[in-house]
Amino acid sequence: MKNILRLVLVFCVTTTFCWSQESQKPAFQLVPLGVRGGIDESNLSSYLLAPINSSDFICLDAGTVYAGIEKAIANKVFDVPAFEVLQNYIKGYLISHAHLDHVSGLIITSPADASKTVYATKDCMQMMQNHYFNGETWANFGDEGPGFQIKKYHFQTLPLQKEIELTNTTMTVQAFKLSHVNPFESTAFLVRNDQDYVLYLGDTGPDLVEKSSDLKELWQAVAPLIKTKQLRAICIETSFPNEQSDQSLFGHLTPKWLMYEMNELRKLTSKKDMKGLKLIITHLKPPTESMEKIKEQLKAENVLELDLIFPEQGKRMEL
């Protein structure tokens, strides 16, 4: 009987250890096509996300697309031509809001792109249709909206907080509202593959400045996933150093405000849960001096011991 109990104990310990080891294996790959905000049109917000062993990517925002693909090829992320990545590897686009630094790559590459789906919330989709894909400022490559509809893209409007399948991938998405100079809306995307998640936020200001509860509601939604270690990373902006006044944030975050929001998330989890959480810092705005200051201030204020990651254009990451 004692021998049987020992075997059961060994089996349980081994199984738990193996499960723990298995859970630490990368679940996603992330390829930044553009990482900055501001004036560098060759390096604006755009990230390819796919399951770890898949080339079925969704593009999170599309400020820079083709130039970013070429950069990734130069870094040996892809071993096929840029047109192959554009047309066949990118299965669709999740657009957080319709500001040009998040959609210009989508617009410019649309004539050379293949048929796929563009996902956005109602307000964002209407802005893209009315101001860009309208048959006047640019051809309407979609299947809705004004002008002659070329119907290359399927424009799919995302409901808030409802899980939607991402066509031609194994991933799903839930959209959450963000405030980007209240009442202008941006979007956060919670992407799931199997039991693992990545959270990507478009541009957002802190709740206290925006007089909003959008981030609070988002943190409440993802806190359980942090506790269970299912949330592999949060991609979130920090556009300005701390010297930027609240009146001049224009719906963005500073290191101080980012860490304030992370502490709000900590209140729903624990410091132990937050330790080591991958925080991918997006949308740093030039000049170089400001971007370096943002990095220094974030590291100095990282009392939660988050894993701060500063992505580089064209360099693949595993999450």
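Fair warning: this is a prediction, and the values are worked out from it, not measured in the lab.

## Considerations on the pairing of strand β12 (residues 278–282)
Consideration 1: Of all five residues in β12, four are buried, a share of seventy percent or more.
Consideration 2: Pairing between strand β11 (residues 231–237) and β12: four bridges, direction parallel. Counterpart to E237 in the pairing with β12 is T282.
Consideration 3: With three bridges connecting them, β12 and strand β13 (residues 307–309) associate as parallel partners.

## With respect to helix α2 (residues 66–74)
Consideration 1: Listed in full, the buried residues belonging to α2 are G68, I69 and A72. Looking straight down α2, one finds that the buried residues subtend no more than 100° of arc, so they occupy a single side.
Consideration 2: Where α2 is buried, its residues contact β1 (28–34), α3 (82–89) and β4 (90–94).
Consideration 3: Just downstream of α2, K76 is the residue with a positive phi angle, here 65°.

## Looking at the side chain of H97
Consideration 1: Tracing the backbone through its elements, the reader meets H97 in the loop between β4 and α4 (100–109).
Consideration 2: At 3.3 Å, the side chain of H97 forms a polar contact with the side chain of D203.
Consideration 3: Excluding residues that lie within four positions of it along the chain, H97 makes contacts with D61, H102, V103, C124, H180, F184, E185, S186 and D203.

## Remarks on the pairing of strand β5 (residues 116–121)
Consideration 1: Burial runs high along β5: six of the six residues are buried.
Consideration 2: Across three bridges, β4 lies against β5 in parallel orientation. Pairing of L94 across the sheet is with Y119, part of β5.
Consideration 3: Handedness of the crossover joining β4 and β5 through α4: right-handed.
Consideration 4: In terms of strand pairing, β5 meets strand β6 (residues 153–158) through six bridges, oriented parallel. Looking at the pairing, V118 lines up with F155 of β6.
Consideration 5: Crossover β5 to β6 through helix α5 (residues 122–131) is right-handed.

## Observations concerning empty space enclosed by the protein
Consideration 1: Applying the stated rule across the entire model yields one cavity of 30 Å³ or more.
Consideration 2: If you add up the space inside the largest cavity, you get close to 40 Å³.
Consideration 3: Taken together, S45, Y47, H102, Y200, L201, G202, D203, E237, T282 and H283 make up the lining of the largest cavity.
Consideration 4: Each residue belonging to the lining of the largest cavity can be placed in one class, and the counts come to three nonpolar, five polar and two charged.

## Some remarks on the packing of helix α7 (residues 214–227) against helix α8 (residues 255–268)
Helix-helix packing: each pair is described by the crossing angle between the helix axes and the interaxial distance.
Consideration 1: Packing of α7 against α8 brings their axes to within 9 Å, and their N-to-C directions diverge by 55°. Judged by the angle between their axes, α7 and α8 are oblique. Crossing angle aside, the handedness with which α7 passes α8 is right-handed. Listed contacts from α8 to L215, W219, Q220, V222, A223, I226 and K227 of α7 are E261, M262, E264, L265 and L268.

Quick notes on the rules
- Residues numbered from 1 in each chain as written.
- Predicted model: local features only at pLDDT ≥ 70, side-chain atom pairs only at ≥ 80, totals over all residues.
- Heavy atoms only, no water.
- Buried < 20%, exposed > 50% of the residue type's maximum accessible area, 1.4 Å probe, protein only.
- Helix = DSSP H or I, 4+ residues; strand = E, 2+ residues; numbered from the N terminus.
- Pairing = 2+ DSSP bridges.
- Arc of directions from axis to C-beta.
- Contact = heavy atoms within 4.5 Å.
- Polar contact = N/O pair within 3.5 Å; in protein donor to acceptor, adjacent residues only side chain to side chain.
- Right-handed = clockwise from strand over helix to strand, strands pointing away.
- 1 Å grid on protein atoms, 1.4 Å probe; cavity = no way out; pocket = protein on both sides within 12 Å on 5 of 7 lines; lining within 4 Å.
- Points joined across faces, edges and corners; volume = space filled by probe spheres on them.
- Nonpolar A, V, L, I, M, F, W, Y, C, P; charged D, E, K, R; others polar.
- Axes fitted to C-alpha atoms, helices over the stretch in contact; angles between N-to-C directions.
- Parallel < 35°, antiparallel > 145°, perpendicular 65-115°, else oblique.
- Left-handed = near helix turned anticlockwise from the far one by under 90°.

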